[in-house]
Amino acid sequence: MELLPRSPAEFGSASYWDRFFRQRGQRPFEWYGAFPELCPVLHKYVRPRDKVLVVGCGNSELSEQMYDVGLCEDIVNIDISDAVIRQMRQRSTATRPRMSYLLMDMLHMDFPEAHFQVVLDKGTLDALLTDGEEATLAKVDQMFAEISRVLQVGGRYLCVSLAQGHVLKKAVEYFSQEGWVVRVHQVASSGDKQQFVLPVFVYVMTKFRKIPGSAAQILEICPEDQDKPMRVESAEQLVAAVKDRQHYALLCSQISKTPCKEQVSLDLCDKESRKPRYTLHVVDSPSVKPSRDNHFAIFIIPQGRETEWLFGTEEGRRQLAASAGFGRLLTVALHREQHYEGMAGIQAELSEKVMELAPPGLPARQQVPFLSVGGDIGVRAVRCCDTSPLSGEFVVEDVKGNGTSYFRRLIFLQNRNVVQSEARLLAPTPLPGQKKRRKDKKKPSPTEPPGAIDKSYLCCEHHKAMVAGLCLLGGPDALPGELAVLVVGLGGGSLPLFVHDYFSQAHVAVVEIDPSMLEVATRWFGFSQGDRMQVHVSDGLDYVAKLAAEAPAQYDAIMFDVDSKDLTVGMSCPPPAFVEKPFLQKVKTILKPEGVFVLNLVCRDARLKESVLAALRDVFPLLYARRIQGEVNEILFCQPGPAGRRGPAELGARARALEGALRRPGRPWDSSYALADMLQAVHIL
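- The protein carries the name eEF1A lysine and N-terminal methyltransferase in an unreviewed UniProt entry, which gives Polioptila caerulea as its organism.

Take a look at the structure:
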């Protein structure tokens, strides 16, 4: 039986609705949910003594249910379909004497002005506003004008809608320009199978007298899980907020029916600040054979570890999900701007929300486990929040790593998933003669990690590889002695500090464009200048160009570890200008003939990367490459002449010799600095 219209225009036709209700018979047709879902919102805005007008009532049971529960009795229902009005009169007149049904067009109502306290519309506006044609918009304006006319000042127009963008925008703009207060409620679902995938909303337009010359607008949204409305600044923001909730509903509907072929990511925001509180990734593992207990699990990533490969990359999360042995794993990253009350608090906060993202086939009342590393949520202590004119907002934070070690990190918030610089913190050691802490004394807070920097430890694998590249210097049997090293890009200063401290005859010049970073490195990362370490606050491009013109062939090693601020380019390190052929010629000019140019390249754009390698090959006859496992970084070792070409065996031997020279008594040396291993995967391009 055909009940739906052949064209949208028929939604406004009385003959269509007569035919519709005759064919449907006595069965109620509920647009957008029934009374139980709408009841919480209606109770807020409809009072027992209110006189209520329901426009486009159809044969919905909503008015009858409002009457029967005592919410309101003085209800007038109107519709353009004579068939449905006769049907509803037969159904309600005898049992609901104060409620009436009238055949009337809402565009031309017979009621006097200011006759009602509430006008209720359940799907009627959506049925009328089917397109953007001039005739349709004129009808909608007439509808709004009539509603405004029959409502008292302080009265409410309640419109139940799917909130399509053009419908919501039209309603919000019309009534806000008239000086009305506009609030949009998201209706909580009952949990039953819904007729519509999209959520249902109720627009609440409260009539105020229009103040001449006033442009002030009050626009608010109330999500389904919040009682307190959230203020927005414009109709566009309100439409966008509703659209976000619609997209979330579509996502939940989709992933509840079929497994995710690709990982899905979304943010859950704090109710007060509106800032992201949790970042979720939905990871499905088709290879996991489903059983009753392995359908679904939640994994809480410890604070500060969200940037690690296992948690911060698609491949890492896929491996995590497979090893956990669940068909669907939901990873949860915690944000540094938020405070969390331990694992139990997070579980209580998320337990209801995460079930909206459950996989298909999850057994009813299934217990869903919350997992983590070591059963806790980690430690994060923010030491510094600031803004640099060049680097933007940044934070310095201390986090607990895997085990008992703590690390200090510098992170630029424009790319918050990337650790810009990192240093290990030393465990506190008692002073000579200092007594051990008594057991009854207060223990140090777990959120107060130690403060001293371990300058002997390189956290970043690409820094270790860059240091290993120095074994390319020197003659066939000689290791580097007195060195002149130029480092472009300071960050926290770990790389130049290590070269300075372990190569006792090295003179290190550092070029850093951002003076704020020099302050950060000095205050928070133990960096200091001296006779063999000098920082030049300058643009690296200008500094190298000036040296090329004035003092060529003066550096044994040049190291580029400089990030790009332009996130639209598929290369985050270095900025494209640093690898253009004319500039590389200048780099070669200031490098000694037997020197080495070491470049940290982070490029996700295959074509751009190939053009960078082509430019390097044109300038430097000898080019080695070392990929960093699990990362995008690739370290390139470039030499001005082919005479220094060395095979893997010779590279390994020189790396072991260099490591032996650097390992001196009384100087810490981490076992992960196996320089020969660092160069084992090097290949000539």
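1. Considering the overall build of the protein
Turning to step 1, where the next piece is worked out: Scanning the protein from terminus to terminus reveals 19 helices and 27 strands.
Turning to step 2, where the next piece is worked out: When burial is assessed residue by residue, the protein has 52% of its 685 residues classed as buried.
Turning to step 3, where the next piece is worked out: Long-range pairs, those at least 24 residues apart, make up 70% of the contacts in the protein with a sequence separation of at least 6.
Turning to step 4, where the next piece is worked out: Total accessible area on the protein stands at roughly 32,700 Å², and carbon and sulfur atoms take up 52% of it.

2. Some remarks on the packing of helix α6 (residues 134-150) against helix α7 (residues 165-177)
Turning to step 1, where the next piece is worked out: Contact geometry of α6 with α7 gives a least axis separation of 11 Å together with a crossing angle of 45°. When the axes of α6 and α7 are compared, the pair comes out oblique. Where α6 crosses over α7, the two elements pack in a sense that is right-handed. Note on element contacts: α7 touches α6 through K170, A171, Y174 and F175, opposite L137, V140, D141, F144 and A145.
Turning to step 2, where the next piece is worked out: The class makeup of the residues in the contact of α6 with α7 is 7 nonpolar, no polar and 2 charged.

3. Thoughts on the sheet that holds strand β16 (residues 392-400)
Turning to step 1, where the next piece is worked out: Across the sheet, which stays open at both edges, the 4 strands sit in the order β15-β16-β17-β18 with antiparallel pairing between neighbours. Across the chains shown, the open sheet's two edge strands, defined by having one partner strand only, are β15 (380-388) and β18 (421-424). Put simply, the sheet's adjacent strands are angled 15° from each other on average, direction ignored.
Turning to step 2, where the next piece is worked out: Strand direction decides the pairing type here: β16 and strand β17 (residues 406-412), joined by 7 bridges, are antiparallel. Bridging across to β17, F394 finds its partner in F412.

4. Re empty space enclosed by the protein
Turning to step 1, where the next piece is worked out: With the rule as written, the count across this model stands at 2 cavities of 30 Å³ or more.
Turning to step 2, where the next piece is worked out: Of the voids in this model, the largest cavity is the one considered here, and its volume is about 70 Å³.
Turning to step 3, where the next piece is worked out: Along the walls of the largest cavity sit A423, I453, D454, K455, Y457, L458, G492, S494, L497, F498 and F525, which together make up its complete lining.
Turning to step 4, where the next piece is worked out: By residue number, the principal contributor to the lining of the largest cavity is helix α13 (residues 494-502), which donates 3 residues.
Turning to step 5, where the next piece is worked out: Within the lining of the largest cavity, the residues separate by chemical class into 7 nonpolar, 2 polar and 2 charged.

5. Some details on the sheet that holds strand β4 (residues 116-122)
To summarise the sheet geometry, strands pair through backbone hydrogen bonds and adopt either a parallel or an antiparallel arrangement.
Turning to step 1, where the next piece is worked out: One open sheet holds the 9 strands; their spatial order is β3-β2-β1-β4-β5-β7-β6-β8-β9, and the pairing between them is mixed. Of all the strands in the sheet, just β3 (100-103) and β9 (230-232) have a single pairing partner and so form its edges. The sheet shows a mean angle of 20° between the axes of neighbouring strands, taken without regard to direction.
Turning to step 2, where the next piece is worked out: For strand β6 (residues 181-186) and strand β7 (residues 201-206), the ladder comprises 6 bridges, and the chain directions are antiparallel. Paired with R183 across the two strands is V204, which belongs to β7.

6. Observations concerning the pattern of salt bridges
Turning to step 1, where the next piece is worked out: Within the structure shown, the criterion is met by 35 salt bridges.
Turning to step 2, where the next piece is worked out: Between R408 and D398 there is a salt bridge; the shortest N-O distance is 2.7 Å. Taken together, the residues span a long stretch of sequence, with R408 in strand β17 and D398 in strand β16 at a distance of 10 residues.
Turning to step 3, where the next piece is worked out: We classify R408 as buried; its relative accessible area is 6%.
Turning to step 4, where the next piece is worked out: Here R617 makes a salt bridge to E610, at a shortest N to O gap of 3.5 Å.
Turning to step 5, where the next piece is worked out: Salt bridges sharing common partners tie together K51, E73, D74 and R98.

7. A few points about the state of the cysteines
Turning to step 1, where the next piece is worked out: Going through the model one piece at a time under the given rule, you end up with 0 disulfides.
Turning to step 2, where the next piece is worked out: C460 carries a free sulfur, and the closest cysteine sulfur to it, the one in C459, is 6.2 Å from it.
Turning to step 3, where the next piece is worked out: Judged by its relative accessible area of 13%, C460 falls in the buried class.

8. A look at the packing of aromatic side chains
Aromatic ring pairs are defined here through the distance separating the ring centres and the angle between the ring planes.
Turning to step 1, where the next piece is worked out: Under the defined criterion, the tally for this structure stands at 15 aromatic pairs.
Turning to step 2, where the next piece is worked out: Between F144 and F175 the ring centres are 4.7 Å apart and the planes differ by 55°, which places this aromatic pair in the tilted class. Highlighted residues: F144 in helix α6 and F175 in helix α7, separated in sequence by 31 residues. Accessibility assignment for this pair places F144 and F175 in one class, buried.

9. So, the confidence of the model for the protein
For any part of a model where pLDDT is low, the fine detail of the predicted coordinates should not be relied upon.
Turning to step 1, where the next piece is worked out: Averaged over every residue, the pLDDT of the protein is 84; the share at 70 or more is 84%.
Turning to step 2, where the next piece is worked out: Every residue in residues 1-12 scores below 50 in pLDDT, and together they form 20 contacts with partners more than four places removed in sequence or on other chains.
Turning to step 3, where the next piece is worked out: This model gives residues 437-447 a pLDDT under 50, and the stretch forms 6 contacts once residues within four places in sequence are excluded.

10. Considering the environment of L268
Turning to step 1, where the next piece is worked out: Inspection of the secondary structure puts L268 in strand β10 (residues 264-269).
Turning to step 2, where the next piece is worked out: Residue L268 is classed as buried on the basis of its relative accessible area, which comes to 14%.
Turning to step 3, where the next piece is worked out: In the structure, L268 is positioned 11 residues away from T279 in sequence and 6.3 Å away in space, judged by C-alpha atoms.
Turning to step 4, where the next piece is worked out: When sequence neighbours within four positions are dropped, the list of residues in contact with L268 reads P276, R277, Y278, L280, L350 and K353.

11. A closer look at the side chain of S92
Turning to step 1, where the next piece is worked out: Of note, S92 is situated in helix α4 (residues 82-92).
Turning to step 2, where the next piece is worked out: Residue S92 is classed as buried on the basis of its relative accessible area, which comes to 1%.
Turning to step 3, where the next piece is worked out: Polar side-chain contacts of S92 include one of 2.9 Å to the side chain of E64.
Turning to step 4, where the next piece is worked out: Those residues within four positions of S92 in sequence are excluded, and the remaining contacts are E64, M99 and Y101.

12. Considering the packing of helix α15 (residues 540-550) against helix α16 (residues 581-590)
Turning to step 1, where the next piece is worked out: Interaxial distance between α15 and α16 falls to 9 Å at its minimum, and their mutual angle equals 55°. One way to sum up the angle between α15 and α16 is to call them oblique. Handedness of the crossing formed by α15 with α16: left-handed. Between α15 and α16, the contacting residues are G540, L541, V544, A545, L547 and A548 on the first element and F583, K586, V587, T589 and I590 on the second.
Turning to step 2, where the next piece is worked out: Tallied by class, residues from the contact of α15 with α16 come to 8 nonpolar, 2 polar and 1 charged.

13. What to know about unusual backbone geometry
Turning to step 1, where the next piece is worked out: Geometrically, the link from C573 to P574 is a cis peptide bond, its omega value of -5° lying close to zero.
Turning to step 2, where the next piece is worked out: Assignment of secondary structure puts P574 in the loop between β23 (571-573) and α16.
Turning to step 3, where the next piece is worked out: At A114, a position not held by glycine, the phi torsion is positive, near 55°.
Turning to step 4, where the next piece is worked out: Summarising the element assignment, A114 is placed in the loop between β3 and β4.
Turning to step 5, where the next piece is worked out: Backbone geometry at A553 places phi at a positive 50°, although glycine is not the residue there.
Turning to step 6, where the next piece is worked out: Looking at the secondary structure, you find A553 in the loop between α15 and β22 (555-560).
Turning to step 7, where the next piece is worked out: Its relative accessible area of 39% is what places A553 among the partly exposed residues.

The rules behind each value
Residues numbered from 1 in each chain as written. Predicted model: local features only at pLDDT ≥ 70, side-chain atom pairs only at ≥ 80, totals over all residues. Heavy atoms only, no water. Helix = DSSP H or I, 4+ residues; strand = E, 2+ residues; numbered from the N terminus. Buried < 20%, exposed > 50% of the residue type's maximum accessible area, 1.4 Å probe, protein only. Contact = heavy atoms within 4.5 Å. Areas by Shrake-Rupley, 256 points an atom, 1.4 Å probe, with all protein chains shown as cover. Axes fitted to C-alpha atoms, helices over the stretch in contact; angles between N-to-C directions. Parallel < 35°, antiparallel > 145°, perpendicular 65-115°, else oblique. Left-handed = near helix turned anticlockwise from the far one by under 90°. Nonpolar A, V, L, I, M, F, W, Y, C, P; charged D, E, K, R; others polar. Pairing = 2+ DSSP bridges. 1 Å grid on protein atoms, 1.4 Å probe; cavity = no way out; pocket = protein on both sides within 12 Å on 5 of 7 lines; lining within 4 Å. Points joined across faces, edges and corners; volume = space filled by probe spheres on them. Salt bridge = Lys/Arg side-chain N within 4 Å of Asp/Glu carboxyl O. Disulfide = S-S within 2.5 Å. Phe/Tyr/Trp six-rings, centres within 6.5 Å; stacked < 30°, edge-to-face > 60°. pLDDT = per-residue confidence, 0-100. Polar contact = N/O pair within 3.5 Å; in protein donor to acceptor, adjacent residues only side chain to side chain.

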